[in-house]
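Residues per chain, in single letters:
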Amino acid sequence: MALFNYVNDTGNNSSHEMVVSITVFVAILCLCLVIGHLLEENRWVNESITAIIVGLISGTIILLISKGKSSHILRFNEEVFFIYLLPPIIFNAGYQVKKKQFFHNFLTIMSFGVIGVFISSSIIASGSWWIFPKLNFNGLTIRDYLGIGAIFSATDTVCTLQVLHQDETPLLYSLVFGEGVVNDATSVVLFNAVQKIDVAKFNGWSAFHVFLDFLYLFSTSTCLGVVAGLITSYILKGLYFGRHSTVREISLMLLMAYLSYMLAELWSLSGILTVFFSGILMSHYAWHNVTDSSRITTRHAFEAMSFIAETFIFLYVGMDALDIEKWKMSQKSVWTSMGIYITVLVLMAIGRAAFVFPLSVLSNFMNRNATRAPPITFKHQIVIWWAGLMRGAVSIALAFKQFTFSGVTVDPVHAVMVTTTVVVVLFSTLVFGFLTKPLIHHLLPHNDSRRGIDRESSISKETLPLLSFDESATTNLLRAKDSLSMLLQRPVYTIHSYWRRFDDTYMRPVFCAPAINEESV
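Since the structure is predicted, the reported quantities are computational estimates derived from the model, not experimental observations. (Residues numbered from 1 in each chain as written. Predicted model: local features only at pLDDT ≥ 70, side-chain atom pairs only at ≥ 80, totals over all residues. Heavy atoms only, no water.)

*Asks:* How do you make sense of the overall build of the protein when you look at a structure like this?
*Replies:* Across its full length, the protein carries 20 helices and two strands. Out of the 521 residues in the protein, the part that is buried amounts to 52%. Within the protein, counting contacts between residues at least 6 apart in sequence, those at least 24 apart form 82% of the total. Surface summary for the protein: the accessible area is close to 24500 Å², and the carbon and sulfur share equals 67%. (Helix = DSSP H or I, 4+ residues; strand = E, 2+ residues; numbered from the N terminus. Buried < 20%, exposed > 50% of the residue type's maximum accessible area, 1.4 Å probe, protein only. Contact = heavy atoms within 4.5 Å. Areas by Shrake-Rupley, 256 points an atom, 1.4 Å probe, with all protein chains shown as cover.)

Below you can see the structure in the form of structure tokens.
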């Protein structure tokens, strides 16, 4: 099966034309990078918006050149996204994650990313099932409605993360970043579980069976990623590739991560979860077993691969928005189409509000006595809610998987859902993305965000020695007072502290080189 199809007037594929098309597409990608750099300091625009706008402009030019026949240089099916573009994005997310913050807020992140997806998808699916027929839009099956719930529950937090800073707002950044990754993984797992439903026999037991399938996929995918990360770390420690070639170290990490992803897909598991936890484990253990040059190279190389893949996807979405064939196929009036778009956007907003605010209150209640976990303020909750309103690559890929065959739509009802997904992604990314920077700067002024740094600084005092012969007696007394105060205010035996002890005693001696300088999880 061809990964890409060249789109020309006759519909025939040509090897030479394919090379020309890929060359033009790469040139447009380079143009995106240059424009994004020039607009780096812009108050309203970010990389995602830049790529979509460039894609729209490029699609318009191609549409004019082809005399209205096509807006694409290349057309790829959804498998290309899942096999080639998504793995580097998710692996980099796991590899670059600030593990200490991620695992300190692990329960909150998992509640947002797992429970939140179930709540959001239920609201979107049931709301669509109730409202779409009233808009004279019929023809969708129960599986389609459940799929729609999963499709529009997959968030894209890139726009918000480009504005937030890990050092200034560590808690908020950790929650938005963690929920974004877990949310996408959960949405894909839920989507795959929905595909196994027998529509003719759908009942309460079927819904429960979907939940059981989800738990199985989630747990087994996570375990596979952990095993892949540990095996990679053990090999790098035992064989010490770096004494001969740093290239082999980096190549082994890349190939093992990709192998874990493909094994998960081969065994009908969630490749997203597998490669994400593989990245976390490699960052926590394997990173210590490679040379200094490999440590620096992996950080930048993995991030560059992820960046190119994300830019590619948003650029393609911009071009795909002008696909005349899909718009002609939908056969719905402007008012009906507008009603469908608005319905989905409203249900998305309601679905997020239904879990962000209640779960934030629950998280604050559970952590009310833990001084290490600052409360999730109402302003933080608004930012978390807003960050999840944007939809992106995962929604597009799932919609293509549900409603197209190799990127081509033949059913008018399915064409409506594809165009709806494209419109929602464009509107949410452009409109909500444009407003993200002003909103966050208004809600979280720089002076307020500095409190995160001050708090981290005060917490970091616990790593200092209680007494130091290099400092005065007054300084030592103040430090002892602060240490005693923290000891009395915070419980010592927490889940994190138990993990630290287990990790230091059993895991690191086996999977890590002796010299460890990175802060533990």
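*Asks:* Can you walk me through helix α1 (residues 15–38) in this structure?
*Replies:* Each turn of an α-helix holds 3.6 residues, which means side chains three or four residues apart point in the same direction. For α1, which comprises 24 residues, the first-to-last C-alpha distance of 35 Å matches the rise-based estimate of 34 Å (1.5 Å per residue) to within 8%. Taken as a whole, α1 has its buried residues at M18, S21, F25, I28, L29, C32 and G36. (Expected span 1.5 Å × (residues − 1).)

*Asks:* So what exactly am I meant to see when it comes to the side chain of T421 here?
*Replies:* As for its position among the elements, T421 is in helix α17 (residues 412–443). Take T421: its relative accessible area is 1%, and that puts it in the buried class.

*Asks:* Is there a simple way to explain the packing of helix α5 (residues 106–131) against helix α8 (residues 170–194) in this structure?
*Replies:* In a packed pair of helices, the relevant descriptors are the angle between the two axes and the axis-to-axis distance. Contact geometry of α5 with α8 gives a least axis separation of 8 Å together with a crossing angle of 45°. With respect to each other, α5 and α8 are oriented oblique. For the element pair α5 and α8, the recorded crossing hand is right-handed. Taking contact as the criterion, the partners of T108, I109, M110, F112, G113, V114, V117, F118 and S121 in α5 are, on α8, S174, L175, G178, E179, V182, N183, T186, S187 and L190. (Axes fitted to C-alpha atoms, helices over the stretch in contact; angles between N-to-C directions. Parallel < 35°, antiparallel > 145°, perpendicular 65-115°, else oblique. Left-handed = near helix turned anticlockwise from the far one by under 90°.)

*Asks:* Where do I start with the environment of V24 in this structure?
*Replies:* Looking at the secondary structure, you find V24 in helix α1. Taking C-alpha positions, V24 is 7.9 Å from I73, a pair spaced 49 residues apart along the chain.

*Asks:* Quick question: what am I supposed to make of the packing of aromatic side chains here?
*Replies:* A complete count under the given rule lists 18 aromatic pairs for this structure. With a centroid separation of 5.4 Å and an interplanar angle of 80°, the aromatic rings of F276 and F277 are classed as edge-to-face. Like F276, the residue F277 is buried in the burial classification. Here a set of aromatic residues connected by ring pairs shows up, and it is made of W385, W386, F427 and F432. Lying over the aromatic face of W287, R295 brings its terminal NZ or CZ to 4.5 Å of the ring centre. (Phe/Tyr/Trp six-rings, centres within 6.5 Å; stacked < 30°, edge-to-face > 60°. Lys NZ or Arg CZ within 6 Å of the ring centre and 35° of its normal.)

*Asks:* What's the story with the packing of helix α6 (residues 142–151) against α8 in this structure? I'm lost.
*Replies:* α8 packs onto α6 with a crossing angle of 175° between their chain directions and a minimal axis gap of 9 Å. Put simply, α6 runs roughly antiparallel to α8. For the pair α6 and α8, the contacting residues are R143, L146, G147, A150 and I151 in the first and S187, L190, F191 and V194 in the second. Class assignment for the residues of the contact of α6 with α8 results in six nonpolar, two polar and one charged. (Nonpolar A, V, L, I, M, F, W, Y, C, P; charged D, E, K, R; others polar.)

*Asks:* Is there a simple way to explain the pattern of salt bridges in this structure?
*Replies:* Following the criterion strictly, the structure yields three salt bridges and no others. With a shortest N-O distance of 3.1 Å, E179 and R352 are connected by a salt bridge. Of this pair, E179 sits in helix α8 while R352 sits in helix α14 (residues 334–366); the two residues are 173 residues apart in sequence, bridging distant segments of the chain. For E179, a relative accessible area of 1% corresponds to the buried category. The partner of R508 in a salt bridge is D504, with the nearest N and O atoms 3.6 Å apart. Taken together, the positions of R508 and D504, both in helix α20 (residues 495–511) and four residues apart, correspond to about one turn of that helix. For D504, a relative accessible area of 39% puts it in the partly exposed group. (Salt bridge = Lys/Arg side-chain N within 4 Å of Asp/Glu carboxyl O.)

*Asks:* Help me understand a nonpolar patch on the surface in this model?
*Replies:* On the surface, W205, F208, F211, L212 and L215 cluster together into a nonpolar patch covering about 490 Å² of accessible area. Examined against the element boundaries, W205 turns out to sit in helix α9 (residues 204–239). Residue classification places W205 among the exposed positions, given a relative accessible area of 54%. (Patch = residues over 30% accessible without salt bridge, like charges linked within 9 Å, V, L, I, M, F, W, Y side chains within 5 Å.)

*Asks:* What is the right way to read the nonpolar core from this model?
*Replies:* One recurring pattern in soluble globular proteins: nonpolar side chains tend to sit buried together. Within the largest apolar cluster, 127 residues are counted, with the highest numbers of intra-cluster contacts made by F81, F132, L140, I148 and F152. Of all the elements, α8 adds the most residues to this core, at 15 residues. With near-sequence residues (within four places) excluded, L140 lies in contact with F132, Y145, I148, F403, V413 and M417. (Core = buried A, V, L, I, M, F, W, Y, C linked by side-chain atoms within 4.5 Å.)

*Asks:* Help me understand α6, please; the structure alone is not making it clear to me.
*Replies:* When you tally the buried positions in α6, you get seven out of 10 residues, the bulk of the element. By the burial criterion, the buried members of α6 are D144, Y145, G147, I148, G149, A150 and I151.

*Asks:* Explain unusual backbone geometry to me, please; I cannot follow it from the model alone.
*Replies:* Negative phi is the rule for most residues except glycine; trans is the rule for most peptide bonds. If you check the backbone angles, N136 has positive phi at about 65° while not being a glycine. Judged by relative accessible area, which is 54%, N136 ranks as exposed. Even without glycine at this site, S268 takes up a positive phi of about 60°. Relative to the elements of secondary structure, S268 occurs in the loop between α10 (246–266) and α11 (271–284).

*Asks:* Any chance you could explain the side chain of S121 here in plain terms?
*Replies:* Secondary-structure assignment places S121 in helix α5. Setting aside its immediate chain neighbours within four residues, S121 contacts G149, A150, S153 and L190.

*Asks:* What am I meant to see in the environment of S58 here?
*Replies:* With respect to the helices and strands, S58 occurs in helix α2 (residues 47–65). Once residues within four sequence positions are removed from consideration, S58 is found in contact with I28 and M319. There is a polar contact of 2.8 Å between the side chain of S58 and the backbone oxygen of V54. (Polar contact = N/O pair within 3.5 Å; in protein donor to acceptor, adjacent residues only side chain to side chain.)

*Asks:* Just checking my understanding: could you explain the confidence of the model for the protein for this structure?
*Replies:* Fine structural detail should not be taken from predicted coordinates in areas where pLDDT scores are low. Residue-level pLDDT values for the protein average 78, and 79% of them are 70 or greater. Put simply, helix α18 (residues 446–459) is where the protein has its lowest mean pLDDT, 45, and α5 is where it has its highest, 92. Note on residues 6–12: pLDDT under 50 across the span, and 13 contacts to partners over four residues away in sequence or across chains. Between residues 516–521, whose pLDDT stays under 50, and residues either more than four places distant or in other chains, the model counts 20 contacts. (pLDDT = per-residue confidence, 0-100.)

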